[in-house]
Structures are given as structure tokens and as C-alpha cells.
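Inside the fold
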Amino acid sequence: MDGMLSQEEINALLGGGLANMTNTGADSLSDSEKDALGEISNICMGTAATTLYSLVNQKVVITTPVVNITRWEDLTADYARPCVFINIYYKEGIDGNNVLILKEDDVKIITDLMMGGDGLNPAPELSELHFSAICEAMNQMMGSSATSLSSMLNTKIDISPPEADLVDMAGDIDEAKVTDFMKRDFACVTFRMTIGDLVDSTIMQLYPIELAKELYRRFTGEEEVTATPEPPKQAPEPTKVEPIQQAPQQAPQMMDQSMMGQPMMGQPMMGQPMMGQPMMGQPMMGQPMMMQPDVNVQNVQFQAFNPMINPVTQQENIELIMDVPLEVSVVLGRTRKSIKEILEFSPGTIIELDKLAGESIDVMVNQKLVAKGEVVVIEESFGIRITEIIKEKI
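Our subject in this report is the structure included herewith. Bear in mind that the values here come from a model prediction, so they are computed numbers and not experimental data. (Residues numbered from 1 in each chain as written. Predicted model: local features only at pLDDT ≥ 70, side-chain atom pairs only at ≥ 80, totals over all residues. Heavy atoms only, no water.)

Focus: the overall build of the protein
Each helix and strand counted, the protein has seven helices and twelve strands in total. Split into buried and exposed, the 394 residues of the protein put 29% on the buried side. Surface accessibility of the protein: about 29500 Å² in total, with carbon and sulfur atoms responsible for 53%. (Helix = DSSP H or I, 4+ residues; strand = E, 2+ residues; numbered from the N terminus. Buried < 20%, exposed > 50% of the residue type's maximum accessible area, 1.4 Å probe, protein only. Areas by Shrake-Rupley, 256 points an atom, 1.4 Å probe, with all protein chains shown as cover.)

Rendered as C-alpha cells:
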């Protein structure tokens, strides 16, 4: 060594020491890992923006993300104001959590829109109701993001209900409201979010380095499978049929007379097949089946109808339907109104019909026009006096 420092060491010393040199090890991310994390976040936030649009009924645009490695001190320098920290914990598919950071004013506008307001006059302070509303919004947004992430990683991913807290980032880290991974270097994904003409702001999503690396391995297919794979199922071996061993044959002179008429070991009994031989009527292996004899199939014969019978000449039996009830209704008039006009109805509203004063009204039977009439009063009830019977088909 000649005592001279290299250019890299000089740059590191000017930047604050050798410890701040570029590191792509366990405490940092490579360019490929940053690109993968940005692509994952871009797809997930695109889905979340669609969900937020359905909640606030305003056009939501979330731009392409920017990924950096940062720490708490640098984060507070950029966000020196109270912000809402939303913790999202994964309970299935991924081990870890991330944090979504929204500005306090943005949360006020979003929750005001969710509650039916116009977003122009949000509440001066966030209450428990606002935190519940933003948690519900984030639950639906990150739930849809988890669905997109499941499709990308080809595994089921589920989240727990998000938790929201108001954090004053002007001071030191609040360990009660901030997760442990923010006490060291972490990945920060920054988005620009616009909601109609009401919000034009920046949101951030924070990932621990370990979770970012795991997402990269899953995304690129480099994740090691820790579960023991199940052995492939083998086809069952065919059952071996051992031949029946025959008893040693004895000389004819040694055979007892009592064995006459009984089958010897290995010989089939009367009517029983040998092992491996087919039963009577069953084809042997390799032999074709016996063809079934042809069946005589004929068309069914129906009795001929007598065309000389005329239904008109048959005796009518109208008594069968004399007791059938029919609905009689009187139509005073009709008109058309829009939904807006109908919603403006109130007691005292006058509705103008298409009938003129003194014009006959329609008498309907089962929605069919059968007569014309005029309105009369019978004691304390209204009635209809028939003035014309409709004989032509309408």
C-alpha cells in the first residue's frame, strides 16, 4: 500500500464515511430488486385506485412509483407534518407487513367524500369515525391489491384489517405507533395521487428490506420451496396370483380307495374353473365378445283420429268457467314522469293526466280494454256507469 486512497474511498468519506458506501447486501436492494418492487407496487396500487374510485365517486389517478432506500430521519425531513400511518399485516401467503402513509388533509377529504360530502369542507380534526372510515377504505383497497398480488405470485395472499394512527413525524420515532422495521433502513415506494380536483398529493408505501427481497424472489421465481414435496403417487402393482402347488403324485398302487371320486389337489371340482380360466359364458382375454342377436324394432302404432268430428258442433259447457274471478280496473288517465320528478313528489303535488275533463274512462278486465264509462257517485262511494262496450279487438 502506498497510502493513497482510491476514488471510491474518497467519495465514501466525502459522503459521510465508509459505512455509507453502496451496499446491495442484506441491508439494501439491488437495481433489479427495486424494479421488481416498483412493478409490484404499481400493479397493486392500480387496482387499489379503482377500488377507491368506487368509494369516493371521484376520478382517482396513482402515477408510476419511485423506489428508494431510506430511514426514519430522511422520511421525517420530507414529511414534517402529522400523517396517518396505516399498518397492513399479511396473515397468509407472505410473512411480514408494510405501512401506507397518507397526509392528514388527504385523509380528511377522502373520509368526507365517503360520508357523502363534497370534500370542500372537511372536518377540522380527525375523529374515531374518520379513522374507522379510512381503515375501511384501506381494507378494501389493500384487499383488492392482495388479490392482484396473489395472481402475480400464484399463491393465496390475505391481509388482516388495517390499523390507522395519526403520527407526528416532526419528532423522534414513536415506537408505540411505528413498526420495528422502521428503526433501520427500509424500502420506500412513493406515488403521486390525484382525486378529482380535490387532492394532488404524495403517498408512500414502506416495506422492510426482508419483505422486499422475498417479493422479488417470488416475482422472479427464485423463491426456494421449503415445504417437503409429496412423493409422486405410484400406480398400484398388479396382484400376483401364485399357482396352487400340486401335491406330489403317488404311485397308483399307493392310492387309497377312499380317494376315488374326490378331486386331487390342483384339480378343479365339477363345475368350477381352473385359476386363470374364464367362467362359462365369459370371453377369454383377447377373444372377441359374442355379437348380440338383432332385435326387431317397430314404430309405435297410434289410433287414427276421426277428422269428421267438428269441435264447433260439440255441446258447449261454459258453466265450467263461470266462477273464474277476473280483475276489473278503471284507468282514469296516464302520464310519464322522470325519476327526478317522482322524487320531488310531496303531499299536495298535482299530477296532470292525459285525459280531458269529462272524457270517458277505460274499463279494463285483466288488463284488456272491454268498455268505456263515466265516473258517478253512489252514496259515499265512486262508481262507473258503462257508456260503451268495446266489440272490436284492440
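Focus: the pattern of salt bridges
Enumeration over the complete set of coordinates arrives at ten salt bridges. The residue Lys108 makes a salt bridge to Glu104 at a minimum N-O spacing of 4.0 Å. Remark: Glu104 and Lys108 occur in helix α4 (residues 104-114); sequence separation between them is four residues, near one turn of the helix. Glu104 matches Lys108 in its accessibility class, with the two residues each being buried. Arg184 is the salt-bridge partner of Glu210, the closest N and O atoms lying 3.9 Å from each other. Note that Glu210 is positioned in helix α6 (residues 209-220) and Arg184 in the loop between β6 (163-168) and β7 (186-195), a separation of 26 residues in sequence. The partly exposed category is assigned to Arg184, whose relative accessible area is 43%. Residues joined in a network through salt bridges with shared partners are Lys355, Asp362 and Lys372. (Salt bridge = Lys/Arg side-chain N within 4 Å of Asp/Glu carboxyl O.)

Some points on the sheet that holds strand β9 (residues 328-331)
The strand order β9-β10-β11-β12 describes an open sheet built from four strands, whose pairing is antiparallel. The open sheet has two edge strands, β9 and β12 (381-389), and neither has a second partner. Between one strand axis and the next, the sheet turns through 40° on average, direction left out of account. Alignment of strand β10 (residues 361-365) against strand β11 (residues 368-378), held across five bridges, turns out to be antiparallel. Across the sheet, the residue bridging to Asp362 is Lys372, located in β11. (Pairing = 2+ DSSP bridges. Axes fitted to C-alpha atoms, helices over the stretch in contact; angles between N-to-C directions.)

Some remarks on a nonpolar patch on the surface
There is a patch of nonpolar side chains on the surface, built from Val330, Leu332, Ile342, Phe345, Ile351, Leu353, Val375, Val377, Phe382, Ile384, Ile386 and Ile389 and spanning about 1100 Å² of accessible area. Of all the secondary structure elements, the ones that give two or more residues to the nonpolar patch are β11 and β12. Counting residues per element, the nonpolar patch draws most heavily on β12, which supplies four residues. Relative to the assigned elements, Ile389 resides in strand β12. (Patch = residues over 30% accessible without salt bridge, like charges linked within 9 Å, V, L, I, M, F, W, Y side chains within 5 Å.)

A look at the pairing of β10
Buried residues dominate β10, accounting for four of its five residues. Both β9 and β10 contribute to a ladder of four bridges, which runs antiparallel. Across the sheet, residue Val328 finds its bridge partner in β10, namely Val365. Here β10 hands over to β11 after two residues, with Asn366 in that stretch at a positive phi of 55°.

Let's talk about the side chain of Thr70
Here Thr70 is to be found in strand β2 (residues 66-70). For Thr70, the contacting residues outside a window of four places in its chain are Leu75, Arg184, Asp185, Phe186 and Cys188. (Contact = heavy atoms within 4.5 Å.)

Thoughts on the nonpolar core
Ranked by size, the top nonpolar core spans 49 residues in total, and within it Leu37, Ile86, Leu149, Ile195 and Leu215 carry the most contacts. When neighbours within four sequence positions are excluded, Leu37 is seen to be in contact with Leu29, Val67, Ala187, Val189, Tyr207, Ala212 and Leu215. With 15 residues, the next largest nonpolar core counts Cys83, Phe85, Ile101 and Val167 among its residues. (Core = buried A, V, L, I, M, F, W, Y, C linked by side-chain atoms within 4.5 Å.)

A look at the packing of α4 against helix α5 (residues 128-153)
Two quantities define a packed helix pair, namely the angle between the axes and the distance from one axis to the other. Relative to each other, α4 and α5 sit at 85°, their axes nearing to 9 Å. As far as their axial angle goes, α5 and α4 are roughly perpendicular. For the pair formed by α4 and α5, the contact residues are Val107, Ile110, Thr111 and Met114 on the first element and His130, Ala133, Ile134 and Ala137 on the second. Of the residues that constitute the contact of α4 with α5, the class distribution is six nonpolar, two polar and no charged. (Parallel < 35°, antiparallel > 145°, perpendicular 65-115°, else oblique. Nonpolar A, V, L, I, M, F, W, Y, C, P; charged D, E, K, R; others polar.)

Regarding the packing of helix α2 (residues 31-56) against α5
The interhelical angle for the contact between α2 and α5, taken along N-to-C directions, is 140°, at an axis separation of 8 Å. If you check the angle between α2 and α5, you find them oblique. Crossing angle aside, the handedness with which α2 passes α5 is right-handed. Listed contacts from α5 to Ile40, Ile43, Cys44, Met45, Thr47, Ala48, Thr51, Leu52 and Leu55 of α2 are Ala137, Gln140, Met141, Ser144, Ser145, Ser148, Leu149 and Met152. (Left-handed = near helix turned anticlockwise from the far one by under 90°.)

Regarding unusual backbone geometry
Phi is positive for Asn57, close to 55°, though the residue is something other than glycine. Looking at the element boundaries, Asn57 is found in the loop between α2 and β1 (60-62). Phi is positive for Asn154, close to 60°, though the residue is something other than glycine. Of note, Asn154 is situated in the loop between α5 and β5 (158-159).

Here's the deal with the environment of Tyr53
Turning to its location among the elements, Tyr53 is positioned in helix α2. Residue Tyr53 is classed as partly exposed on the basis of its relative accessible area of 45%. Along the chain, Tyr53 and Met141 lie 88 residues apart, while their C-alpha atoms are 10.0 Å from each other. Excluding anything up to four places from it in sequence, Tyr53 contacts Gln58, Lys59 and Val60.

Re the pairing of strand β3 (residues 82-92)
Each regular strand displays side chains that alternate between the two surfaces of the sheet. Relative to β6, β3 runs antiparallel, the two being bridged by six bridges. Its bridge partner being in β6, Val84 is matched across the sheet by Leu166. Note: β3 against strand β4 (residues 96-103), eight bridges, orientation antiparallel. Of the residues in β4, the one forming a bridge with Ile88 is Asn98. Once β3 ends, the chain turns through three residues before running back antiparallel as β4, passing Gly93 with a positive phi of about 95°.

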